[in-house]
Amino acid sequence: MIMASENMLIEVKNLKTHFFLDQGTVKAVDGVDFDINRGETLCVVGESGCGKSITARSIMQIVDPPGRIVSGEMLLHRRASGSGSGQVEDVVDLAKLAPNGREIRTIRGKEIAMIFQEPMTSLSPVHTIGHQISQAITLHNRVTKEQARQQTVDVLKLVGIPKPEMRVDNYPFQLSGGMRQRAMIAMALSCHPSLLIADEPTTALDVTTQAQILDLMTGLQEELGMAMMFITHDLGVVAEIADRVVVMYLGVVAESGDVETIFNEPKHPYTTALLRSIPQVGGKLRQRLDTIKGMVPDPYNRPQGCPFHTRCINRIPGLCNKTLPPNVSLGGSHEVRCWLFGSSPSNEPLQNGGAG
Amino acid sequence: MTIDLIHQDDSVLLEVRNLKMHFPIRKGFLRRQVGAVRAVDDVNFFVRKGETLGLVGESGCGKTTTGRCILRAYTPTAGEILYRRGSGDIVDLATLDDTGMKPMWREIRMIFQDPYSSLNPRMTLLEIVGDPLKLNTALSGKEIEERVAFLLRRVGLRPEYMHRYPHAFSGGERQRIGIARSLALNPRLVVADEAVSALDVSVRAQILNLLQDLQQEFGLTYIFVAHDLSVVEYLCDRVAVMYVGKLVELAKTETLYENPRHPYTEALMSAVPKPNPKQRGRGKRIILEGDVADPANPPKGCYFHPRCRYAKARCSQEAPALRNLGDDHFVSCHFAEELTLRGVGARS
């Protein structure tokens, strides 16, 4: 599986990130597999507490203690630049790198950049946005101050900030929410990353601003050819921008596949239930919403077996509550982790699972 | 807008007329007033008994302030808030003092957005839900406990939880506690301020269903303040759209979503991402340029004109009034009749 694909950018295999607290171990991410190709948009969806942000932070190696990556591989395929004709690929396992080591620091912010949810809390309030962006540029590139400033103005222009020559000297509080998020995106793009991780970048914004930012991000992606890992809980946003979707539940990937498959032929009971529980604009009025009963279990007491079995309507007693189902491929990139599909150890797969 | 509707039509529970809420901006050593943030600027609407009125708009458009004015958390700068009491009397909430408001607060309650900060962490559920009963009724401790148990059961929590503290509950459960508290005094009008915005999708559906059940069971009237248009469409009978302190459009939900008559409503609808990859809207979506106008220094004429695709010379000069286009469809746009705007179903 070393040369899986020409276009492979990052492969995450069996990633486990656990938090060692006094009250016990929280398995925030517990065996996550996915991969991202160059230039594609992967959306990670799930409810709060399902481990989607921690997965992203693990890739960046910025998991706060007492959290730690306990096992797994995160293979980043780097394309060495400047080497004549042939593409020389060199594979780095990010999980092996020390979180504060020199090597990860050359990757973080340069090859993999991240945008956070709250632009107000993730920008420094006491430095101008120009200062913050040019800091990222000078850190990763050999440039003079003047060049860095010029690049900062360019990247601010790229993300559609009006009058970038003036805005570069503004402090975050002088910008509106949408502008701050644009400044965050500018900072992330300043070193031309090959992977952009966006952790709920539009959740704190209004719908009209969200539309602006989504439009900007998809436009920039086409222009710059970077891959995007987009974390969100809004299925509307997923439908709008994703190429492929990963649905997470309680630290594991429940289902993954391309966006059409996930929305039109969801297989995992959780995905099906999630899609049915959202009211749709322009949908039928006053239809009672289907709900998923109960709530996400307490992370200290993860249910044994399939983590979703406590809320699942199709659970098989004696199986789902005992063993975690394996990842089953349903053709193409569509994979589902559920006993209802593929090879169950004893009985034949039950049909009715994907009634959608 | 119709004058004095509440006196003519018995089904009207609340009528807000020319409501203004201006917050002064003070500067300098003497704290002189140098301007005002016009959070709510001349808003008119009415609510019928038993219906749900949605109040939508972007952040800073004054929807929350309007809700708070109705509860008199703020004293409005000007305008009337006429409310029909259970006894049939009509009172103007805008002019009442605290003593006068006290009986009104039993009939009008609020559900808050953030289930984490709106519950006192040092009070048990019994104290939280029972507090309004203790302050407003003469019930004994035992009776309060019974009522709290009933309420908790009604919102889907176990009465045994009564002696626990809020930290022991998840976001969805806390929102249920907030709902139980707002229902403790059998209110007639509930102002729900972004009641489901902070919740996860699966839990949000549970709370939306609960709000609908409770409305039927207790004959409640809701004013539902929200920014999520899909939730509003699901829950509301009529929807009012606000922009920079002004009401721009008010209509029945189906009418508003299918045939919006204000360019801002059209843009707002089009900005909502649809959970269907086949309806991917890149390029087709209307992207509003620029930012929301500053309510302390709004543009001349129609507040929306700098961002409006259809703006003409008149729009920058003359502020449009809210007019009735018939069939309870109110809109404040000079060209509402001439424009053909896209609703949500229209996008292909």
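Just so it is clear, the model here is predicted, and its values are computed rather than measured. (Residues numbered from 1 in each chain as written. Chains lettered and ligands numbered in written order. Predicted model: local features only at pLDDT ≥ 70, side-chain atom pairs only at ≥ 80, totals over all residues.)

(A) Structural view of the overall build of chain B. Scanning chain B from N- to C-terminus turns up ten helices and twelve strands. At 21 Å, chain B has a C-alpha radius of gyration in line with the 20 Å of a compact globule built from 348 residues. Dimensions of chain B, computed from the C-alpha atoms along their principal axes, are close to 70 × 55 × 50 Å. Nonlocal contacts in chain B, meaning residues at least 24 apart in sequence, comprise 64% of its contacts between residues at least 6 apart. (Helix = DSSP H or I, 4+ residues; strand = E, 2+ residues; numbered from the N terminus. Rg over C-alpha atoms; globule rule 2.2 N^0.38 Å. Contact = placed C-beta atoms within 7 Å.)

(B) Region of interest: the sheet that holds strand β11 (residues 328-329) of chain A. Residue and element names in this part refer to chain A. Overall, mixed pairing links the eight strands, which are arranged β6-β7-β8-β3-β9-β10-β12-β11 in an open sheet. Each edge of the open sheet carries a strand with a single partner, namely β6 (112-115) and β11. As judged from the two bridges shared by β11 and strand β12 (residues 335-336), these two strands associate in the antiparallel manner. Residue pairing across strands places Ser 329 opposite Glu 335, the latter belonging to β12. Across the face of the sheet, helix α1 (residues 52-60) comes into contact with β3 (41-45), β6, β7 (195-199), β8 (227-232) and β9 (244-249) while running at roughly 145° to β7. (Pairing = 2+ DSSP bridges. Axes fitted to C-alpha atoms, helices over the stretch in contact; angles between N-to-C directions.)

(C) Quick peek at the environment of B:Ile128. Residue and element names in this part refer to chain B. Its place among the elements puts Ile 128 in helix α4 (residues 125-136). Assessed through the 22 C-beta atoms surrounding it within 10 Å, Ile 128 is described here as buried. Other than its neighbours up to four places away in sequence, Ile 128 contacts Leu 119, Asn 120, Met 123, Ile 177 and Arg 181. (Buried ≥ 20, exposed ≤ 12 C-beta atoms within 10 Å, placed from the backbone.)

(D) Highlighting the packing of helix α4 (residues 129-140) of chain A against helix α5 (residues 145-158) of chain A. Residue and element names in this part refer to chain A. Packing of α4 against α5 leaves a shortest axis separation of 9 Å and a crossing angle of 115°. By the angle class used here, α4 and α5 are roughly perpendicular. Considering how the two elements wind past one another, α4 and α5 form a crossing that is right-handed. Of the residues in α5, those touching α4 at Gly 130, Ile 133, Ser 134, Ile 137 and Thr 138 are Ala 148, Arg 149, Gln 151, Thr 152 and Val 155. Across the contact of α4 with α5, the residue classes break down as four nonpolar, five polar and one charged. (Parallel < 35°, antiparallel > 145°, perpendicular 65-115°, else oblique. Left-handed = near helix turned anticlockwise from the far one by under 90°. Nonpolar A, V, L, I, M, F, W, Y, C, P; charged D, E, K, R; others polar.)

(E) Up close: the pairing of strand β2 (residues 24-37) of chain A. All names here are of chain A. Strand direction decides the pairing type here: strand β1 (residues 8-21) and β2, joined by ten bridges, are antiparallel. Bridge pairing links Met 8 to Asn 37 in β2. Counted between consecutive antiparallel strands, the loop separating β1 from β2 contains two residues.

(F) Expanded view of the interface of chain B and chain A. Contacts between the two partners involve 38 residues from chain B and, on the opposite side, 37 residues from chain A. Those elements that provide at least two residues to the side of chain B that touches chain A are α7 (201-218), α8 (229-235), α9 (253-258) and α10 (263-271) of chain B. By residue number, the principal contributor to the side of chain B that touches chain A is α7(B), which donates seven residues. Its residues assigned to classes, the side of chain B that touches chain A comprises 18 nonpolar, eleven polar and nine charged.

Purely spatial values, then, with no claim about function.
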